[in-house]
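Residue-level listing of the chains:
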Amino acid sequence: MLFGLGYVKEWTNKDIIVGIIFFCCYLFSTRHRILLITLLVSFSVLAFYFPTGVIYGKPTADILNPLLQTNKLEIIGYLLAVKYQILLSIIFICIQFFIYFLAKNKFHKNKISTCIIFMFVYLTSLFGISVNHNRINDGAFIRNIIISYKSIEKRNTDFKTNIGNNKNIKVSKIDAGDDTELHVVIIGESVRRDYMSVYGYPIQTTPFLNTAKGIFIDGLVSVAPNTEQSLTRTLFKTAPSTNKIDWGANVVSLANKAGYETYWISNQGKEEYGDDIIFSLSKLTKQNYFFKQGNFISNDSDDDEMLPIFSKVISSDTNSSKVIFIHMMGSHEPACSRLGAFKPNFELYNEASCYAATIAKLDLFIKKITDIMKGRKYKLMYFSDHGLSVEKKRIFHDAGLYEAYQVPLFYLDSNIKQHIYIKKVISSLNLLDIYSNFINIKTNITNEDFSFQKVSLLNDNPDPIIYWQKYKHISELDKRQYPIKNIGFNSTESKNILEIQNNYTFSDKCFSYIDYVGGSYPFSPIYKIYGWAATTTSHRPLNGIVGSFIIDNNKILFIEGERIERTNVRDDFKLPKNQNANYGIESILEKKYIKKHINGTEKYYFGYKNELNNYIICNKL
């Protein structure tokens, strides 16, 4: 309980008392059936928080906010991050069943004193209790949730009240002779700096930016590891010392106050996690365009679909200079889904190569933006909200990863004649300062020392603060992840491919279904066979070494596969939720083994190799 609910994340001696309280709950509940059922059911419900508690700790407003919303921008990354910790919840619930069956024959006659003691420790475990103004279990789970929810409601009320209030902002122009027509701010999504060749990545992911005329800053540290927490502290004036955000002082309010025409073009949804804030911010502009009316998966619009709108906006006949915000989908996971028709100049073999390809697509997007503005006087700044954990087989948000905070920042200008590279550590908390100089204004709320032109004169900020549940220094993160430079196909990823001679059997004791045979990744020469298999009588996953069989003209190939969890198959069999659900089988192989069989699935089977090294081929549905 202590581990799963996040008490041990920041362990104190008081948590020993909490452990004793949990133990007393079990001890006194076993005296009566109703008390025990009440305890086991409620504690089993708490177990659904365990994956979050193990990774992030006790519930806070920052954790509760995304968990209260479904199908939101960060939810896929969250599910990937807690993939294995979900087993802890399952094990704990099984233990609750075991406790009940262990105690059910030992119930005693109910005593009022037992009930009173149980209710006291039970309520203390969930809500805490105050005795002479001293709290017992101050970090009680339900109490934390109530406090966090109230904090979220208070913030939302404060935001809605002050979002358009810029009356206290004083603005003046820095250079009265600046005749820049277009100021373009591109907000990137999930882009890590170390995957861009302009910053040293060995694969050419940014051929345009490698030589583009502008200022490239190597050292921007994102303030937070996800979109909502990052952009609310980047696009709005933030006071870390008090953890306060001035909702009226933001990038749009500054531009409006300075007399610019403002526009917002977004390929993210109106109903995203955090976009109640970002969407409300966009409504302060003269015009806003959203390609997704629902959440970010409500349609498959590509970032390139923003280009015609951008072209239309800059061509509109007005007398005022424009500030145009472009919010991309960029490299958000699943990365392969972001590519659309874009084909990079390297092969895609895994999730990491798809992620690198999204960077190459970003590079081309920036080039297209500058081509549209050719002949106009423009300034362009780009930054990303945060990075991601990038592994060969999965990409996800990881708040504890150092590289998740290392993001790009660069500036292009129609008047700059050289490519300038500056290594300087800067916090994204200062982006509003840089932005105000970018749009040629000085204000009473920003620092004039921060600008692209003066950045080399700044002192390094070697240990900037970041925000995840609380402000802390980035040096407190000890998890590191260097970029994957070998994103090609490794022959060991394709498991053993063997031609089977005589030691095989077609069996009706198991059956299978082929879901898919085809390309593993967009434009990839690596293919996969994907589906599931189960035993015929007990409907259990197969034993032994699972894999796929290709059968053609008396020639049989066996391709060792990987087990994949398929809870939908288990649920269709109406089996208990705590049962093993590794029905899925995925075999990865080179195209040469499969290309002549690609039409249909009649030549493909699933099966396994048993302990006697015999190959069992399952019947197909």
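Coordinates for the structure precede this section.
A few points on the structure. (Residues numbered from 1 in each chain as written. Predicted model: local features only at pLDDT ≥ 70, side-chain atom pairs only at ≥ 80, totals over all residues. Heavy atoms only, no water.)

1. Considering the pairing of strand S4 (residues 182-188)
Counting buried positions along S4 yields 7 of 7 residues, so the element is predominantly enclosed. The alternating pattern of S4 places Leu-182, Val-184, Ile-186 and Gly-188 on one face and His-183, Val-185 and Ile-187 on the opposite face, and all of these are buried. Where S4 lies against strand S10 (residues 322-327), 6 bridges are found, and the strand directions are parallel. Directly across from Ile-186, in S10, lies its bridge partner Ile-326. Note that S4 and strand S11 (residues 378-384) share 7 bridges and pair parallel. The partner of Gly-188 across the bridge, within S11, is Ser-384. (Buried < 20%, exposed > 50% of the residue type's maximum accessible area, 1.4 Å probe, protein only. Helix = DSSP H or I, 4+ residues; strand = E, 2+ residues; numbered from the N terminus. Pairing = 2+ DSSP bridges.)

2. What about the packing of helix H1 (residues 14-29) against helix H7 (residues 112-127)?
The geometry of H1 relative to H7 is characterised by a closest axis approach of 9 Å and an angle of 150° between their N-to-C directions. On the basis of the axis angle, H1 is roughly antiparallel to H7. For the element pair H1 and H7, the recorded crossing hand is left-handed. Where H1 abuts H7, its residues Ile-21, Phe-22, Cys-24, Cys-25, Phe-28 and Ser-29 lie against Thr-114, Ile-117, Phe-118, Val-121, Tyr-122, Thr-124 and Ser-125. Looking at the contact of H1 with H7, its residues break down into 9 nonpolar, 4 polar and no charged. (Axes fitted to C-alpha atoms, helices over the stretch in contact; angles between N-to-C directions. Parallel < 35°, antiparallel > 145°, perpendicular 65-115°, else oblique. Left-handed = near helix turned anticlockwise from the far one by under 90°. Contact = heavy atoms within 4.5 Å. Nonpolar A, V, L, I, M, F, W, Y, C, P; charged D, E, K, R; others polar.)

3. Quick word on the environment of Glu-305
By the secondary structure assignment, Glu-305 is in the loop between strand S9 (287-292) and helix H12 (306-315). Judged by relative accessible area, which is 38%, Glu-305 ranks as partly exposed.

4. With respect to the state of the cysteines
All chains considered together, the criterion is met by 2 disulfides. There is a disulfide in this structure between Cys-336 and Cys-354, and the S-S distance comes to 2.1 Å. Across the S-S bond linking Cys-336 and Cys-354, the dihedral sits near 95°, which makes this disulfide right-handed. Of this pair, Cys-336 sits in the loop between S10 and helix H13 (351-372) while Cys-354 sits in helix H13; the two residues are 18 residues apart in sequence, bridging distant segments of the chain. Assessed through its relative accessible area of 16%, Cys-336 is described here as buried. Through a disulfide, Cys-510 is tied to Cys-618; the S-S separation comes to 2.0 Å. Across the disulfide from Cys-510 to Cys-618, rotation about the S-S bond amounts to roughly -100°, and the bridge is consequently left-handed. Of the two residues, Cys-510 sits in strand S20 (residues 504-519) while Cys-618 sits in strand S27 (residues 615-620), which places them 108 residues apart along the sequence. Looking at Cys-510, the relative accessible area reads 3%, which means it is buried. Taken in N- to C-terminal order, the disulfide-linked cysteines of the chain are connected 1-2, 3-4. With no disulfide of its own, Cys-24 lies 7.3 Å from the sulfur of Cys-25, the closest cysteine sulfur. (Disulfide = S-S within 2.5 Å.)

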